[in-house]
Structures are given as structure tokens and as C-alpha cells.
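Summary of the model geometry
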Amino acid sequence: MNRIIFATGNKDKMKEIREILGDTGREILSMAEAGLETDIEENGTTFEENALIKARAIAEKTDDIVLADDSGLEIDYLGKEPGIYSSRYMGKDTPYEVKNQSFIDRLEGVEGDERSARFVCAIAAVLPDKREIVVKGTMEGQIAHSMKGENGFGYDPVFYLPQYGKTSAEISPEEKHAISHRGKALRAMRDELKKI
Ligand code: ITT
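Positions within a chain are numbered from 1, following the residues in the order the chain's sequence is written. Where local features are concerned, this predicted model is filtered to residues with pLDDT of at least 70; where side-chain atom pairs are given and counted, the filter is 80 or more; whole-chain, interface and lining totals use all residues. Computation of side-chain values covers all heavy atoms of the structure but excludes hydrogens and water.

Helix and strand definitions follow DSSP, with helices as H or I runs of at least four residues and strands as E runs of at least two, each counted in order from the N terminus. Looking only at helices and strands, the protein features five helices and eight strands. Here the radius of gyration uses the C-alpha set of atoms, whereas the globule reference equals 2.2 Å times the residue count to the power 0.38. For 196 residues, the compact-globule formula gives about 16 Å, and the C-alpha radius of gyration of the protein, at 17 Å, lands near that figure. By its C-alpha atoms, the protein is 55 × 30 × 25 Å across when sized along the principal axes. Residue exposure (1.4 Å probe, protein chains only): buried if accessible area is under 20% of the type maximum, exposed if over 50%, otherwise partly exposed. When each of the 196 residues of the protein is scored for burial, the buried share is 51%. All accessibility values rest on the Shrake-Rupley procedure with a 1.4 Å probe; residue burial counts only the protein chains present in the view. Accessible surface for the protein amounts to roughly 9500 Å². Of this, 47% is attributable to carbon and sulfur atoms. In summary, the charge assignment counts Lys and Arg as positive and Asp and Glu as negative, without counting His or the chain termini. Every charge is mapped to an atom, namely NZ of Lys, CZ of Arg, CG of Asp or CD of Glu. Here the protein contributes 28 positively and 37 negatively charged side chains, and the mean placements of these two sets differ by 3 Å.

Quick look at the structure:
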């Protein structure tokens, strides 16, 4: 059975991917673990394009199944910013407390439904025969009025889920995976991979 190599350098994503895809029966390696690390320029204009760019770059170097995740946060009031620029927003090395606070500040005086936002995740696969598959998942929520929670990563402390009355950093990893953009996309991809 082919191994899965995940074309990501993001350790937090990799942790979630392992938790969600744990039961596929296939070995899952990050590109670093597979010794296939490269610098990939994400110059696409959509999550789907960027996921494919990452998966293709690694698939050139291996005949294993290659998956890639491109994800981010869309804030409606800010014209869907930061979107595909989510990891580069305010500079890649800026702490997430600073990035998250900037959203709270930029939405000052904005209330209720006008604070709507969503996480988006596109997962691309390049198969050993070089066939390509792309799936997408979203999680709807709002920008919180303050940062809360220690779970998750990145923008989770500022992403409020009205149905829980909590941010996605306050719910457990299992609860997050059951409703998250990445959980939905990975389960859709798992269904596709069962067919090969
Ligand atoms: P790779 O390209 O190596 O996979 P990256 O971190 O650069 O890593 P992206 O370009 O897809 O990945 O950027 C996604 C960013 O969106 C990520 O760094 C977080 O800031 C944010 N993000 C995505 N999913 C998230 C989640 O579940 N919780 C919190 N923030 C998330």
C-alpha cells in the first residue's frame, strides 16, 4: 500500500492531519520526514491552486501519494482578508497574538453577523499515476471580541463558534476535527483515496 507524504512544513497542521487520518492504515510522513523538503512558491490565486502547486512540487520527487493543504481565514468585513495570505499576514514571523489582536482592533464597533468569518481548507492529492484530486472544507464562525483558549494554533483563539459559545482554541481537538475545515476536507480526501 502506498505511503502518504504530506507537502507541508507546518507542524501544527501535521499534528491535526495525523489525528484526523490516523485510521487510514497508510503510513503518513511529512515532507521533512520523507527527506523531500523544498521551498515552494505559493503563487496561485485560490486555496485549490496553491494546494495543487505544493502537492505537484513534491510529487515530482516521489511516486508515493502526495497530499497538500492550503488553508486560511476569510473575514467578510475585511473583504475576505487575509485569505490565501493567512500565513504571510503581517509577516510570517509576527506572533499570532499580534495578528489576532489586529483583527479585533480592525473590527472595533462591528457587531453580530457583521463579524462573520470562515476557515477554508483545500486538500490536493497527486496520485502515483499522477492523477490529481482536490477537495475543500469550510468552518463558519465569527471574529471574537477577545482572544481565548490554548488549543489549536494560529487564528483559533480569535475564531468564535456561536454554537459552542467558545473559540476554536477552547474546544477539544476531537470537537474541532469533527466540524473543522481541515477535518471535512481530509475526510472527503480519505473517501477519495479509498477508491484507488
Ligand atoms: P504549508 O504551506 O507548509 O502547509 P503554511 O502555514 O504556510 O504551511 P498555509 O499557506 O496554508 O500554510 O497557511 C495557512 C495559515 O492559515 C496557517 O499558517 C494559519 O495561520 C491559518 N490556519 C489554517 N488553518 C487553521 C486552523 O485550523 N486554525 C488556526 N489557524 C489556521
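Having put the structure on the table, let's press on.
Its location among the elements puts Lys54 in helix H2 (residues 47-59). According to the relative accessible area criterion, Lys54 is buried, its value standing at 6%. Two residues form a contact once any of their heavy atoms are found within 4.5 Å. Residues within four places of Lys54 in sequence aside, it is in contact with Ala7, Lys13, Ile40, Glu42, Ala68, Asp69 and Asp70.

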